[in-house]
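Structural overview for review
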Amino acid sequence: MSAIIAIYDIYDMNGNPAAAECGVGMMRELTRFPADDEQTWRSPGVFLGCRAQWITPESVGERNPLHDPERGIAVVADAILDNREELCDALGIETSRRKTVTDPELLLLAYDAWGTEMVARLVGDFAFAIWDERRRKLFAARDFSGTRTLYFTRDPAGGTVWLSTIMKPLLGLPHLSGSLNRQWIAEFLALPYTMDSVDGQHTVYEGIGQIPPAHYLAADAEGRLEMRAYCRIEEPREKLRLKSDAEYEEALRDVLGKAVKARLRTHRAVGAHLSGGLDSGTVAAFAARELRSRGRPLHTFSYVPVPDFVDWTPRSRIADERPYITAVVEHAGNIVPDYCDFPDASPYSVIDEWLDVLEMPYKFYENSFWILGIFERAAERSIAVILSGQRGNWTISWGPALDYQTALLKRLRIVRFCRELNAYARRIGTGRKQVLRAVLRKAAGAGRESGRPLASPELLEETGVVERLKHSGLYADRRLDAYQVRRRMFRNGSFWNLNGICNTKLSLRHAVWDRDPTSDLRVVRFCLSVPEDQFVRDGVGRSLIRRVTEGHLPDHVRLNQKVRGAQGADGVHRMKAAWPMFVREAQEMVDDKRMGEFLNLESLRLSLLKVRDEPKPEYAYDHDFRSLMHGLIFRRFVRLQERR
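Within any chain, residue numbers begin from 1 and follow the written order of that chain's sequence. Given that the model is predicted, a residue must reach a pLDDT of at least 70 before its local features are reported, and side-chain atom pairs must reach 80 or more before they are shown or counted; all residues, however, enter totals for whole chains, interfaces and linings. The side-chain values count all of the structure's non-hydrogen atoms but skip hydrogen atoms and water molecules.

Let's shift gears to the overall build of the chain. Put simply, DSSP H or I for four residues or longer makes a helix, DSSP E for two residues or longer makes a strand, and each gets a number counted from the N terminus. Within the chain, the secondary structure is distributed over 24 helices and 19 strands. Throughout, the radius of gyration refers to the C-alpha atoms, and the reference size of a globule is 2.2 Å times the residue count to the power 0.38. For a compact globule of 644 residues, the expected C-alpha radius of gyration is about 26 Å, and the chain comes in at 25 Å, within 12% of that figure. In terms of overall dimensions, the chain has C-alpha extents of about 80 × 65 × 45 Å along its principal axes. Only protein chains enter the accessibility calculation, which uses a 1.4 Å probe; a residue whose area is less than 20% of its type maximum is buried, one above 50% is exposed, and one in between is partly exposed. Counting across all 644 residues of the chain, residues that qualify as buried make up 59%. Contacts: residue pairs with any heavy atoms within 4.5 Å of one another. For the chain, contacts bridging at least 24 residues in sequence account for 73% of all contacts bridging at least 6. Here the Shrake-Rupley method, with its probe set to 1.4 Å, supplies the accessible areas, and only the displayed protein chains count as covering residues. Of the roughly 26,200 Å² that the chain leaves accessible, carbon and sulfur atoms contribute 48%. The averaged location of the 88 negative side-chain charges in the chain is 6 Å from the averaged location of its 93 positive side-chain charges. The charged-residue count follows a simple rule in which Lys and Arg add positive charge and Asp and Glu add negative charge, with His and chain termini not counted at all. To locate a charge, take atom NZ for lysine, CZ for arginine, CG for aspartate or CD for glutamate.

Okay, structure coming up:
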């Protein structure tokens, strides 16, 4: 795990020291992160630098950047590759070397063997840059889900390209003014999701781009800069056909088991996020079993509400998931649990720290305080890898029962529809009419209420962002079913971009790498190939993973369809003491006329009138409170830029 720098000056053929001097200055910006080693490599017009944190056994003492003079290739990498055996087989690497060959070396050999097509053969979390001396070409890529970041800029004349894991080293370059990107801001404020922009290439700063997930960038000696997608995730037209349910279950158990095992590759301790749900519970149970065979425990970290919080959520939700978490811990065994309530933290108290980490504004305030807290606690315990199941809802635990019933109804498969509806009503303990009403609402596809816009009308008109979002299918003017959302999420890597930004920058700060087996490319492709009736069966949503985890998870967790966790439900409750400060800052925001060029101040004023009197716990997910938090976070970011 590394923070990396790459510079290519196409006009420098004679060793002008400018590129090297610039690279040294950029490397200084990375010293804020803890590191086990720092190395650089330079050639006329080229500079590669790496500030490395050794996570895997092979990375200890590795050369990164790595240069092979015989092949004329140099590589700098922020990468953990998970299909090492497959790559070693294809590259003809002898068995005796496989335990010591480093990931940068595998990347170098793969490029030498397959050129730019090598990136489509990789499985893992990576961002890297390769310098091809013979072709005088810089090639850089980011993994299919964007787990690691890689930003870039070029000078106005097109002569130099700079790449960096974070934006701060780029902001010091002479051709960049640090001006904010109004198009990005308009999308950020207008999007109804936590995602930040439509295409994943733009950033909050003018002149700084980002290699999107599943893309590569190539710069050549003619000054051409090419950006191209190398991987597209689609549902196959022909689904996987196996002979029995047991074969589907064994196939998922096998591919997920391999993905979990690959992500345990570290010489330090292993942790995992653990909630009361299926995804994190499955990952933790598989990891605990594998680690037991190695004589090592799994450390789990679970967010729980503060002790004086009274759960206000409906009966179908639960704010304190400890009963389910504890059941998983006891059933799986080999787990050292940590229940984290972080009594001094709140969504409001961690804003400045998140802005410093992310280098951009954000919208996920509900979970911000405990995500940050868990990374800090994992670092204190010398955890190197912390497993998660962030993409599990769309892969291993796919199977939305109501959407499946809706699809059956639309296709006029009435007999199957009635059977599924009746079975589902029995399993969740409700009436058939109530389920039917929910299905009919989904079938009608009624538009959802998106509330008042956060962006100012002037900014929306100037940037044309509403039409852009509608064209991209991201505007909140109609209700998409779960199948449409799933297809869109895998086609558009921007949905996952924010996860990669958060995980990369938190990992650099704490030397803890978040790794998600449910996002493994092999797992994704397998789950997209499975027939739908394996995922929903006899009124059971998420049927396949419930069957796969028999014996791995306790039944009341494995078969639970009635209650879901409500993480962050105590967020406003945590802000009670700081509420007057929050209200005062929100009032300053709506009175700040300068913010009117970005924010809909009149809308925010109405939101403040609603919530200002008292911090009701149920405001945690309220549109008006959410708008105020998003606006306040954005304003703090803008004010930070003004002070720089």
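Here we take up the pattern of salt bridges. When a carboxyl oxygen of Asp or Glu is within 4 Å of a side-chain nitrogen of Lys or Arg, the pair counts as a salt bridge. Under the counting rule described, the total for this entry stands at 54 salt bridges. E85 is paired through a salt bridge with R98; the nearest N and O atoms lie 2.9 Å apart. Within this pair, whereas E85 is found in helix 2 (residues 84-91), its partner R98 is found in the loop between helix 2 and helix 3 (103-114), the two being separated by 13 residues in sequence. For R98, a relative accessible area of 14% puts it in the buried group. Linking R263 and D520 is a salt bridge whose minimum nitrogen-to-oxygen distance equals 2.9 Å. One end of the pair, R263, is in the loop between helix 6 (245-262) and strand 13 (269-273); the other, D520, is in the loop between strand 18 (513-515) and helix 18 (521-529), and 257 residues separate them in sequence. Grouping residues by exposure puts R263 and D520 together as buried.

Our focus in this paragraph is the packing of helix 6 against helix 18. Think of each axis as a best-fit line through the C-alpha atoms, taken over the contacting stretch in the case of a helix, with angles from 0 to 180 degrees between the N-to-C directions. Contact geometry of helix 6 with helix 18 gives a least axis separation of 9 Å together with a crossing angle of 165 degrees. What the angle tells us is that helix 6 and helix 18 run roughly antiparallel. Seen from above, helix 6 lies across helix 18 with left-handed handedness. Of the residues in helix 18, those in contact with Y248, A251, L252, V255, L256, A259 and A262 of helix 6 are R522, V523, F526 and C527. When the residues that make up the contact of helix 6 with helix 18 are grouped by side-chain class, the tally is 10 nonpolar, no polar and 1 charged. Angles below 35 degrees are treated as roughly parallel, those above 145 as roughly antiparallel, those between 65 and 115 as roughly perpendicular, and all remaining angles as oblique. It is the rotation of the near helix from the far one that decides the hand of a crossing: anticlockwise by less than a right angle makes it left-handed, clockwise makes it right-handed. In this count, Pro and Cys sit with the nonpolar residues alongside Ala, Val, Leu, Ile, Met, Phe, Trp and Tyr, while Asp, Glu, Lys and Arg are called charged and the others, Gly among them, polar.

In this structure, M118 and F128 are the most contacted members of the largest nonpolar core, which totals 192 residues. In contact with F128, not counting residues within four places along its chain, are I4, V76, A77, L107, M118, V119, L122, F139, A140, A141 and L150. Counting 24 residues, the second largest nonpolar core, distinct from the first, contains A6, I10, W54 and F152. Buried residues of nine kinds, namely Ala, Val, Leu, Ile, Met, Phe, Trp, Tyr and Cys, make up a nonpolar core once their side-chain atoms join them within 4.5 Å.

This part is about helix 17 (residues 494-510). Its 17 residues place the ends of helix 17 25 Å apart at the C-alpha level, agreeing with the 24 Å of an ideal helix rising 1.5 Å per residue. Taking burial as the measure, the 17 residues of helix 17 include 15 buried ones, the bulk of the element. Once helix 17 finishes, A511 follows within two positions and takes phi at roughly 55 degrees, a positive value. Here the expected span of a helix is defined as 1.5 Å times the quantity of residues minus one.

Within helix 18, 7 of the 9 residues are buried, which leaves the element mostly enclosed by the surrounding structure. Of the residues making up helix 18, those classed as buried are L521, V523, V524, F526, C527, L528 and S529. Lining the buried residues of helix 18 we find helix 6, helix 16 (482-491) and helix 19 (532-535). Here a polar contact means two N or O atoms within 3.5 Å. Within protein one must be a hydrogen donor candidate and the other an acceptor candidate, and residues neighboring in sequence count only if both atoms are side-chain atoms. The N-cap of helix 18, judged by a side-chain oxygen 2.7 Å from the amide nitrogen of R522 a few residues on, is D520.

In plain terms, two cysteine sulfur atoms within 2.5 Å form what is called a disulfide here. This structure, assessed with the given rule, holds 0 disulfides. Free of any disulfide, C50 has its nearest neighbouring cysteine sulfur in C22, separated by 17 Å. Not engaged in a disulfide, the cysteine C231 finds its nearest cysteine sulfur in C527; these two sulfurs lie 15 Å apart.

The next point concerns the packing of aromatic side chains. Two rings from Phe, Tyr or Trp (for Trp, the six-membered ring) form a pair when their centres are within 6.5 Å of each other. A pair whose planes differ by under 30 degrees is stacked, one over 60 is edge-to-face, and the rest are tilted. Evaluation of the coordinates by the stated rule reveals 22 aromatic pairs. Centroid distance F598 to F634: 5.4 Å. Interplanar angle 75 degrees. Geometry classified as edge-to-face. Of the two residues, F598 sits in the loop between helix 22 (579-591) and helix 23 (601-611) while F634 sits in helix 24 (residues 623-643), which places them 36 residues apart along the sequence. Members of the aromatic cluster, connected to one another through ring pairs, are Y111, F126, F128, F139 and Y216. For a lysine, the NZ atom is tested; for an arginine, the CZ atom; a charge sits over a ring if that atom is within 6 Å of the ring centre and within 35 degrees of the ring normal. Over the aromatic face of W496 sits the side chain of R391, whose NZ or CZ is 3.5 Å from the ring centroid. The positively charged end of R486 is found above the aromatic ring belonging to F535, 5.9 Å away from the centroid.

What follows deals with the sheet that holds strand 11 (residues 215-219). Strands sit in the order 4-5-6-7-11-12 across an open sheet of 6 strands; the sheet is antiparallel. Two strands lie at the open edges of the sheet, namely strand 4 (66-68) and strand 12 (225-229), each paired on one side alone. Neighbour-to-neighbour, the strand axes of this sheet turn through a mean angle of 15 degrees, independent of strand direction. Pairing geometry for strand 7 (residues 137-142) and strand 11, over 4 bridges, is antiparallel. When DSSP locates at least two bridges between a pair of strands, those strands are taken to pair.

Okay, the side chain of D9 next. Inspection of the secondary structure puts D9 in strand 1 (residues 2-9). Buried within the structure, D9 lacks any salt-bridge partner; R136 is the closest side chain of opposite charge, at an N-O distance of 7.5 Å. Among all residues touching D9, those that are not within four sequence positions of it are G45, R136, G159 and T160.

Moving on: unusual backbone geometry. Between N64 and the following residue, P65, the backbone shows a cis peptide bond with an omega angle of 15 degrees. As for its placement among the helices and strands, P65 is situated in the loop between strand 3 (46-52) and strand 4. Positive phi values are uncommon outside glycine, yet L412 reaches one of about 60 degrees. Mapped onto the fold, L412 is located in the loop between helix 11 (401-410) and helix 12 (414-428). Residue L412 is classed as exposed on the basis of its relative accessible area, which comes to 66%.

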